[in-house]
Structures are given as C-alpha cells and as structure tokens.
Amino acid sequence: MPENDPKIIVALDFASADPARQFVKNISPDLCRLKIGKELFTASGPDLVREFIDDGFDIFLDLKFHDIPNTVNKAVTAACELGVWMLNVHALGGRTMMEAAREAVQGYSATRQPYLIAVSILTSTNQQGLSDLGIDKPLQQMVMDLTAMSLDSGLDGMVCSAREVELLRQQFGQKPLLVTPGIRPAGSAQDDQQRVMSPHQAMQAGSSYLVIGRPVTQSVDPVQTLKQINNSLLTP
Ligand code: C5P
C-alpha cells in the first residue's frame, strides 16, 4: 500500500489490457489508486489485477456484486485472494447478502482485509426508475435507508455522489468511507456527468476518496494532471 494514502482513484475504463497497461506504466502508486470495473475485468480478467497489484498499486475492484448470499460470499473471497484494496456490492442485494460479503472479508487477517463498500441506488436511476420497480419511497430516503442497512451489516462505507456526502455525514458521522465519482477539476470537460464537483469541493464536503476517470486517463499529461489535483487537495 502506498504510504501517502492518495485520495484519487483513477477509473481504468479501458476496453482491453493494452491501453490500460500503456496508461498505468506512466504513473506511480504514490499519485493514485486504480479502479477496475466490469468492462476491463470482463475483457482482461484477474491476471491484469494481479499485474497492477504487483506494480504496487492499490486496486478498487468495482464489480458491484449482487447475487445470493453464498455466491457473493465466494466471489468476495476470490477478490480477497486476488489481494484487492477495496471492493463493492449492491445494497439492493439485501442485508443477508451484505453480511455474507462481510463474513468473507473477516475470514482474512486485518492486513489482508479489503475495504468493503456498497452502492445504494445507481445515479442513473431516477424516481421514475424506482417507480417502475414498484418502489414508491422517495429516492433520497431510499439512499439513506440503504446506507443505514449497509453500515448496519458491517460494511465500511458507500459509493455515492459528492452531492450526497454532506447529508450522509450528518446522518452517519465521520466513520464511513464515502467514495465519490462525478468529479471534474476546473476546466476539464463534463462528459456525460450531470452534476459534478471539483476534487477540492468534494473533499471539503467530506468525501474519503475521489473516483476520477476521463479527466486523467484522457489527459495529454496524466502525471501532471494527477499532481495538480493532488496539490489542489492540500489547500485548505
Ligand atoms: O470518466 P469519469 O470521471 O466520468 O468516470 C467516473 C467513473 O465512476 C466511471 O468508472 C463510472 O462508471 C463510475 N461511476 C459514476 N457514477 C456513479 C457510480 C460510478 O460515474 N454513480
């Protein structure tokens, strides 16, 4: 694990291993951690995760497990065996599933236990989307209730919008890890993100870690961009 606890988690949203390797070989683990999601993992598998861990990077395995408790328990065990730093599940998988995930993590010694966090409601889901699923609860209440259930199931925190962080901190205190995407440094393209926050704003609001993809991976000078963002976080 890098000693300086970098706050940026770069989303490696690449279609295959080669462009991901190309990007990673130019950066270093003291600048950022790395997130591997469904696209890259499905294309390139656990070997690539091992390769980047061997290079010294902390990996957030963003596979959002959602299945019967036994299957999730086994999948989380496999992720622990890989040696990832953080992984996640869908809170909508329910309390028993999340407890099964937590039990898998707790089977490892403290130094080998990855952080286990949950996704509440995907930011691509709106109130109509919930209603289509037969859920009439206001979306924000749903986020709060699923967060309460996740933390109560022994999870370490949540993936959430930086806009939700303040409210979640008020309700759940300082302990939970809050990992926030939708981050855009000043001057970078908004892409398809609807409501963005700057890295500095997001940390001020109470984020624990920032997930940043394209502003870094598509930068002409990713190292410089990472250094600039890290520096921006040092100012009060
Ligand atoms: O390129 P960009 O910074 O928009 O990438 C953000 C990353 O965070 C992507 O991997 C995206 O899938 C992920 N993410 C998100 N919004 C969420 C959850 C995850 O943008 N609510």
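Scroll up a little and you will see the structure.
So, here is what we can say about the structure in this document.

This next bit is on the layout of surface pockets. Taken as a whole, the largest pocket encloses approximately 1,300 Å³ of empty space. Taken together, 40 residues make up the lining of the largest pocket; nearest its centre are Thr-123, Ser-124, Pro-181, Gly-182 and Gln-193. Of all the elements in the fold, those that place two or more residues in the lining of the largest pocket are β2 (33-37), β3 (59-65), α6 (139-152), α7 (162-172), β8 (209-212) and α9 (214-217). Tallied by class, residues from the lining of the largest pocket come to 16 nonpolar, 13 polar and 11 charged. Taken as a whole, the second largest pocket encloses approximately 280 Å³ of empty space. In terms of lining, the second largest pocket is formed by 15 residues, of which the most central are Asp-58, Gly-83, Val-84, Trp-85 and Thr-111.

Strand order around the closed barrel formed by eight strands is β1-β2-β3-β4-β5-β6-β7-β8, with parallel pairing between neighbours. Strand after strand, the sheet turns through a mean of 25° between neighbouring axes, direction not considered. As paired strands, strand β1 (residues 8-11) and β2 are joined by three bridges and run parallel to one another. Opposite Ile-9, over in β2, you have Arg-33 as the bridge partner.

With 17 residues, helix α2 (residues 38-54) ought to run about 24 Å at 1.5 Å a step, yet its terminal C-alpha atoms sit only 21 Å apart, falling short of that. Gly-45 marks where α2 bends most, by close to 105°; the proline Pro-46 follows one to four residues later. Residues of α2 that are buried include every one of Leu-40, Gly-45, Leu-48, Val-49 and Phe-52, and no others. Lining the buried residues of α2 we find α1 (17-24), β2, β3 and α3 (69-82). Gly-56 lies just past α2 and shows a positive phi near 105°.

For the rest of this paragraph, the subject is the environment of Glu-51. For Glu-51, the location among the structural elements is in helix α2. Given a relative accessible area of 28%, Glu-51 falls into the partly exposed group. Separated by 30 residues in the primary sequence, Glu-51 and Arg-21 have C-alpha atoms spaced 9.3 Å apart.

Burial along strand β7 (residues 177-180) is two-sided: the face carrying Leu-177 and Val-179 and the face carrying Leu-178 and Thr-180 are both buried. For the handedness criterion, the β-α-β arrangement of strand β6 (residues 157-159), α7 and β7 is classed as right-handed. Here β7 pairs with β8 via two bridges, running parallel. Opposite Val-179, over in β8, you have Tyr-209 as the bridge partner. Taken together, β7, helix α8 (residues 199-205) and β8 constitute a β-α-β crossover, and its handedness is right-handed.

Conventions adopted
- Residues numbered from 1 in each chain as written.
- Predicted model: local features only at pLDDT ≥ 70, side-chain atom pairs only at ≥ 80, totals over all residues.
- Heavy atoms only, no water.
- 1 Å grid on protein atoms, 1.4 Å probe; cavity = no way out; pocket = protein on both sides within 12 Å on 5 of 7 lines; lining within 4 Å.
- Points joined across faces, edges and corners; volume = space filled by probe spheres on them.
- Helix = DSSP H or I, 4+ residues; strand = E, 2+ residues; numbered from the N terminus.
- Nonpolar A, V, L, I, M, F, W, Y, C, P; charged D, E, K, R; others polar.
- Pairing = 2+ DSSP bridges.
- Axes fitted to C-alpha atoms, helices over the stretch in contact; angles between N-to-C directions.
- Expected span 1.5 Å × (residues − 1).
- Bend = angle between axes of the 7 residues up to and from the residue.
- Buried < 20%, exposed > 50% of the residue type's maximum accessible area, 1.4 Å probe, protein only.
- Contact = heavy atoms within 4.5 Å.
- Right-handed = clockwise from strand over helix to strand, strands pointing away.

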